[in-house]
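Summary of structural features
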Amino acid sequence: MAVVGINTQELEKIIIDDNEDFAAMFEQFEKKESTRVSEGNIVAIENNQVVIAVPGEKKEGIVALDEILDAQGNLLFKVGDTLPIVITGRRNEQPIVSYKKAIRKEKVRQYIQSLGDDYKDKIVEGVVVRRNKGGYVVESGDIEFFMPKFTAAFKEGSKIEGKKIKACIINVKPEEDSIVISRKRLFELENTVRKDAVENLLKENGTLEGKVKKITSFGMFVDVNGVEGLVHYTEISYKGPVNPSKLYKEDDIVPIKVLNYDKDKRRLALSIKATAEDPWREVENELEVGDAIKVTVSNIEPYGVFVDLGNDIEGFLHISEISWNKNIQNPEEFLKVGQEIDVEVIEIDSKDRRLRVSLKKLLDKPFEQFAKKHKEGEVLKGVVATLTDFGAFVKLDGIDGLLHNEDAYWNKNEKCKDLMKIGESVEVKIAKIDRQKERVSLTRKGLIASPVDEFAKKYSIDDAVIGTVRDVKDFGVFIKIDDEMDALIRNEDLPPLKKEEIKIGDKINGVISLIDAQNNRIRVSVRRLERQKEKANLKSFNDNASDKMTLGDIIKDQIS
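For the structure given in this document, a descriptive report is provided here.

The rules behind these values
Residues numbered from 1 in each chain as written. Predicted model: local features only at pLDDT ≥ 70, side-chain atom pairs only at ≥ 80, totals over all residues. Heavy atoms only, no water. Salt bridge = Lys/Arg side-chain N within 4 Å of Asp/Glu carboxyl O. Helix = DSSP H or I, 4+ residues; strand = E, 2+ residues; numbered from the N terminus. Buried < 20%, exposed > 50% of the residue type's maximum accessible area, 1.4 Å probe, protein only. Core = buried A, V, L, I, M, F, W, Y, C linked by side-chain atoms within 4.5 Å. Phe/Tyr/Trp six-rings, centres within 6.5 Å; stacked < 30°, edge-to-face > 60°. Polar contact = N/O pair within 3.5 Å; in protein donor to acceptor, adjacent residues only side chain to side chain. Contact = heavy atoms within 4.5 Å.

This structure, assessed with the given rule, holds 31 salt bridges. R104 is the partner of E144 in a salt bridge, and the nearest nitrogen-oxygen pair spans 3.2 Å. In this pair, E144 is assigned in strand β8 (residues 143–148) and R104 in helix α3 (residues 99–115), connecting sequence segments 40 residues apart. Given a relative accessible area of 22%, R104 falls into the partly exposed group. Residue K473 pairs with D471 through a salt bridge whose shortest N-O separation is 3.1 Å. Beyond isolated ion pairs, a larger network of salt bridges with shared partners links E347, D349, R354 and R356.

Set out below in structure tokens:
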């Protein structure tokens, strides 16, 4: 006899009135059903009715026409034929008879005979066809069974008609052609059998076989020796939680080990993975952090990749450990399911069953490759990868170099984010390779013309210029020459001018003292201009003076 799991919480909600008199209910039920089957003769067939002469009755009986039609609508009998009937009621002393019920009663009588005396607790399966005051009528193979309300074990208010059920035969009354069944009794039997079966299963220490009955998102229900238990999705594989529908289907035979039985919830816990040796013991004994191993990509997620070690253990390869390239958007750009790769073990956590690996640690760092291949001062072409407030990152041969705004343009007001576009090709010079911090600094100065270069085409050192004061600083005064080039007059180059008397917008005469094209700097000196004037005056005086003039004469003229 097959055993079905019982939901005892549902049984607790069932309303059963133990004070109900079963005999009285059954008698009431039988009042509408005559136990006497007789034969009647068809007198007439008219107006969708069949008129039948009933033995012992003063008036003829009526049968609905559809009772003597076959599935195709053809008549099974004709006027004058004899057929079995049973009286189901009366209307104005005229008997109402039924051919179909007579047939059913005959089948019930034959079924009762086939049962014999050994009918107790025999299980039947059927459908609830209707209810009456005393209980329910259940039909199974054209045989009707009576199930009293207090043995039905249905939830109050639930839809019963049309429900498929199993129940036990608890009583047979041949004289009334009735068979009484009970769901409550079936539950009692199943609980007893289940209890014994569970106790036997708990004694089993080895591996058993079970059949998959149902697959859900949280696990599988498996039948083991007639008892149904749950294999939670965490108990299927040592890899961790898995989708059972991807590994199994209903009716599959699987190895099973019993874990425990929750008496309160009446739930049997089963495991598939417990039937195999724990592979984490092998990991603990044979693997160490830093080991290089070959794995197979088993699953790809946006945040990383799961890899199969080949012994029912999965490792995790985070997206940040796939490549030295920090701009990976999706692991699928680099790896495919089923692909074999070499990785380095970076973490083993046996307690939490976690193993992390790295692919990039077995690859050369892009910076190291770049530093071996290139040197400072080298000019390269790159592509603008990122724009920021302080400059741009330019992709060069596998690495991103930093181009600061001040190294990109001579004009301090110009910025990369305003003048460059991502993806734009740009020529740069390697300014510095910092091996300690693994950084590459870039510059465009020296590759593009400096404003000072243009200025130097017009002016030379010691050329006289006139500039307009643009700003006054602690260390000197900035002037603008020709309304376009800034120049600095340092404090020591201002005399004979007094700095405290200088105002923005004033005109200042001076001479060029420094042209630094590399650093885009111009310096002007007033003092130097004054010295030039003194030298020029002295030279002019010497050229025009008389050969007899003495030094005293010269001094006398200057102080007079």
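Bringing the nonpolar core into the picture now. V305, L317 and I341 are the most contacted members of the largest nonpolar core, which totals 22 residues. Put simply, the parts of the chain that give this core at least two residues each are α6 (280–286), β16 (292–301), β17 (304–308), β19 (340–349) and β20 (354–358). Broken down by element, this core gets its largest block of residues, four residues, from β16. One finds I112, I143, I160 and A167 within the second-largest nonpolar core, a separate group that totals 21 residues.

A separate point is the packing of aromatic side chains. Enumeration according to the criterion identifies nine aromatic pairs in this entry. Seen from their ring centres, F306 and F316 are 5.1 Å apart, and the 45° between their planes marks the pair as tilted. Taken together, the residues F306 in strand β17 and F316 in strand β18 (residues 314–318) connect sequence positions 10 residues apart. Taking the centre distance of 6.0 Å and the plane angle of 90° together, the rings of F475 and F478 count as edge-to-face. Take F475: its relative accessible area is 45%, and that puts it in the partly exposed class. An aromatic cluster of three or more residues is present, and its members are Y303, F306 and F316.

Take D278: it is sitting in the loop between β15 (267–271) and α6. Overall, the relative accessible area of 13% leaves D278 in the buried class. Looking at D278, its side chain comes within polar contact range of the main-chain nitrogen of W280, at 3.0 Å. A polar atom in the side chain of D278 sits 2.6 Å from the side chain of R353. Apart from residues no more than four positions distant in its own chain, D278 is found in contact with Y238 and R353.

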